[in-house]
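Each chain, letter by letter, is given below.
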Amino acid sequence: MKYVSTRGAALGSFSDVLLSGLAPDGGLAMPEVIPTVTPAQLEAWRALSYADLAYEVMRPFITDIPEGDLRTLLRNTYTEEAFHSPEITPLTPLGDSGLYLLELSNGPSLAFKDMAMQFLGQVFEYVLEARGERLNILGATSGDTGSAAEYAMLGKARVNVVMLSPHGRMSAFQQAQMFSLQEPNIFNLAVEGVFDDCQDLVKAVNADADFKARYDIGAVNSINWARVLAQAVYYFRAYLALNLPAGAEADFSVPSGNFGNVFAGYLAKSMGLPIGQLIVATNENDVLHDFFSGGTYHVRPADRVAVTSSPSMDIGKASNFERYLYLIAGSDAVQTRGWWDEVGQSRPVALSGTPHWDAVQASGFRSGRSTHEGRLRTIRAVFDTYGRLIDPHTADGILVGQGYQRPGVPMICLETALPAKFEETVQEAVGQTPGRPARFDGIEQAPKRFQVIPNDVQTLKDFIAANLTAREPA
Ligand SMILES: *Cc1c(COP(=O)(O)O)cnc(C)c1O
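Residues numbered from 1 in each chain as written. Predicted model: local features only at pLDDT ≥ 70, side-chain atom pairs only at ≥ 80, totals over all residues. Heavy atoms only, no water.

For the protein chain, the helix and strand inventory stands at 20 helices and 16 strands. Relative to its length of 474 residues, the protein chain is compact, with a C-alpha radius of gyration of 21 Å against a globular reference of 23 Å. Its C-alpha atoms give the protein chain principal-axis dimensions of roughly 65 × 50 × 50 Å. Looking at the protein chain as a whole, 61% of its 474 residues qualify as buried. Distance between charge centres in the protein chain, computed from 38 positive and 53 negative side chains, equals 2 Å. (Helix = DSSP H or I, 4+ residues; strand = E, 2+ residues; numbered from the N terminus. Rg over C-alpha atoms; globule rule 2.2 N^0.38 Å. Buried < 20%, exposed > 50% of the residue type's maximum accessible area, 1.4 Å probe, protein only. Lys, Arg positive; Asp, Glu negative; His and termini not counted. Charge placed at Lys NZ, Arg CZ, Asp CG, Glu CD.)

Structure representation (structure tokens):
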């Protein structure tokens, strides 16, 4: 399988795109073609373990790692030890409501990002070892990406992590999860700004090609193709767990920010998985809901991103959205580049009334937004009715998903974090604190290792130069 940029450049193999961030032309990596599965294949996959299902789903996209090695990597990734459940992603019905909770958050950092990041930790080590290279991961996080990346890369010999997060904008628990890590290959930087500022700093460093090469800078943020691909697996897993008659549809509701998770669902649907609706559930930061309801994509500057009780969805632009519009345009890189020239200048891209808008509507996407009050109400209702505590992101997905339920069609709501990660909001909703896995008891009191930096590219580069080893000049 060869990869191309959404803006047209040829990018090479899976391993090549794995280790790079944005494509040289500013676009995102996409497979040249999307392989499809037959109903018979799908049926045969029902009996597989999670790891072996992951192998079947991902194999056609990863043709440059020997089959046996890929299978071993996946079996080493999706273990009961790491995910605290033999099923890896249990699917739990909420009574007879037709709603299901897809549990994606039982991994090391208690959020769904572990699903992909744990695989990245394994495959990075494998590819770097094979190539005799090192990688310094520079990333931006609004909370969950950072901890998932750091837990995945802990102690990996050929990898360092430099993680930027918006200073003072994460929950106490999220902060403690990341900042308590003492391993010397993990560097936490708290930036005086919002998440989009962090993301812009990462982009600015990546735009300096010399610096990037000298320090072996790479990415694990949500644009990484391997993450999207790994996330497609649990859509298959959940669908198969329902045991529906052949061809019957299921709907998915996905708490969304950077559009990586729900895009993985779209990838699964494009491969032939019978997904009906893909519901993009946003919080008050509703650029995506604006698009799917009105046809105009208009990114918001960092200072117009609201701080909400579902902080992992507090975004003003959705970094994976370009992948979706690229497919909507029929893989037309010229069209995509035209749109993103506008997006790059913060101008609206209006599709309503065009053939592209028809394609959007035919793609199965629906959307909605939640407010703080709505999320609290949903946490309370789910707790009172089903005795189950959920986190505010998951509540957003359930709230919006309920509005799109169809008779007889299962609505699978993705549990993107455990309530323990967002104790304050859960406490506000139900008047009690959710339990947390024993390994996190008292983590807020653990010694912290992090540094505050201003929102400034040069300061970041100086930090990297002072703490990481540069490549020998050729
Ligand atoms: C990252 C995250 C999201 C948003 O996922 P995207 O792939 O960025 O759309 C939602 N909920 C939680 C808990 C997250 O960590």
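Since there are 3.6 residues in each turn of an α-helix, residues three or four apart along the chain are aligned in direction. Burial analysis of helix 8 (residues 172–179) places 6 of its 8 residues in the buried class, which makes it a mostly covered element. Elements that come into contact with the buried residues of helix 8 comprise helix 7 (144–153), strand 7 (159–166) and strand 8 (186–191). (Contact = heavy atoms within 4.5 Å.)

For the rest of this paragraph, the subject is the site of the ligand. Taken together, 15 residues are adjacent to the ligand, and Lys113, Asp144, Gly257, Asn258 and Asn261 come closest. Backbone polar atom of Gly260 to an oxygen atom of the ligand: 3.2 Å apart, as the coordinates give it. Note that a nitrogen atom of the ligand is positioned 2.9 Å from one of the side-chain N or O atoms of Thr416. Per-class residue counts for the shell around the ligand are 5 nonpolar, 8 polar and 2 charged. (Near = heavy atom within 4 Å. Polar contact = N/O pair within 3.5 Å; in protein donor to acceptor, adjacent residues only side chain to side chain. Nonpolar A, V, L, I, M, F, W, Y, C, P; charged D, E, K, R; others polar.)

In this section: the UniProt feature "modified residue: N6-(pyridoxal phosphate)lysine" (unreviewed entry) in the protein chain. Following the UniProt record, one finds the feature "modified residue: N6-(pyridoxal phosphate)lysine" (unreviewed entry) at Lys113. Summarising the element assignment, Lys113 is placed in the loop between strand 5 (99–103) and helix 6 (114–131). Look at Lys113 and you get buried, because its relative accessible area is 11%. Look past the residues within four positions of Lys113 in its chain and what remains in contact with it is Asp144, Thr145, Ala148 and Arg227. (UniProt positions renumbered as here; feature names shortened; annotations may be inferred.)

This brings us to the sheet that holds strand 2 (residues 10–12). As summarised here, the arrangement of the 3 strands in space is 2-1-3, forming an open sheet in which the pairing is antiparallel. Single-partner strands in this sheet number two, and they are strand 2 and strand 3 (29–31). The average undirected angle you get between the axes of adjacent strands in this sheet is 40°. Pairing between strand 1 (residues 3–5) and strand 2: 2 bridges, direction antiparallel. (Pairing = 2+ DSSP bridges. Axes fitted to C-alpha atoms, helices over the stretch in contact; angles between N-to-C directions.)

Here the focus is helix 20 (residues 457–467). Of the residues making up helix 20, those classed as buried are Leu460, Lys461, Phe463 and Ile464. What you see down the axis of helix 20 is that its buried residues fit within an arc of 155°, all on one side. (Arc of directions from axis to C-beta.)

This next bit is on the environment of Pro447. Within the element layout of this structure, Pro447 appears in the loop between helix 19 (423–430) and strand 16 (451–453). Taking the C-alpha atoms as reference, Pro447 lies 28 Å from Gln122; in sequence the two are 325 residues apart. Leaving out residues up to four positions away in the same chain, Pro447 has contacts with Phe179, Ser180 and Gln182.

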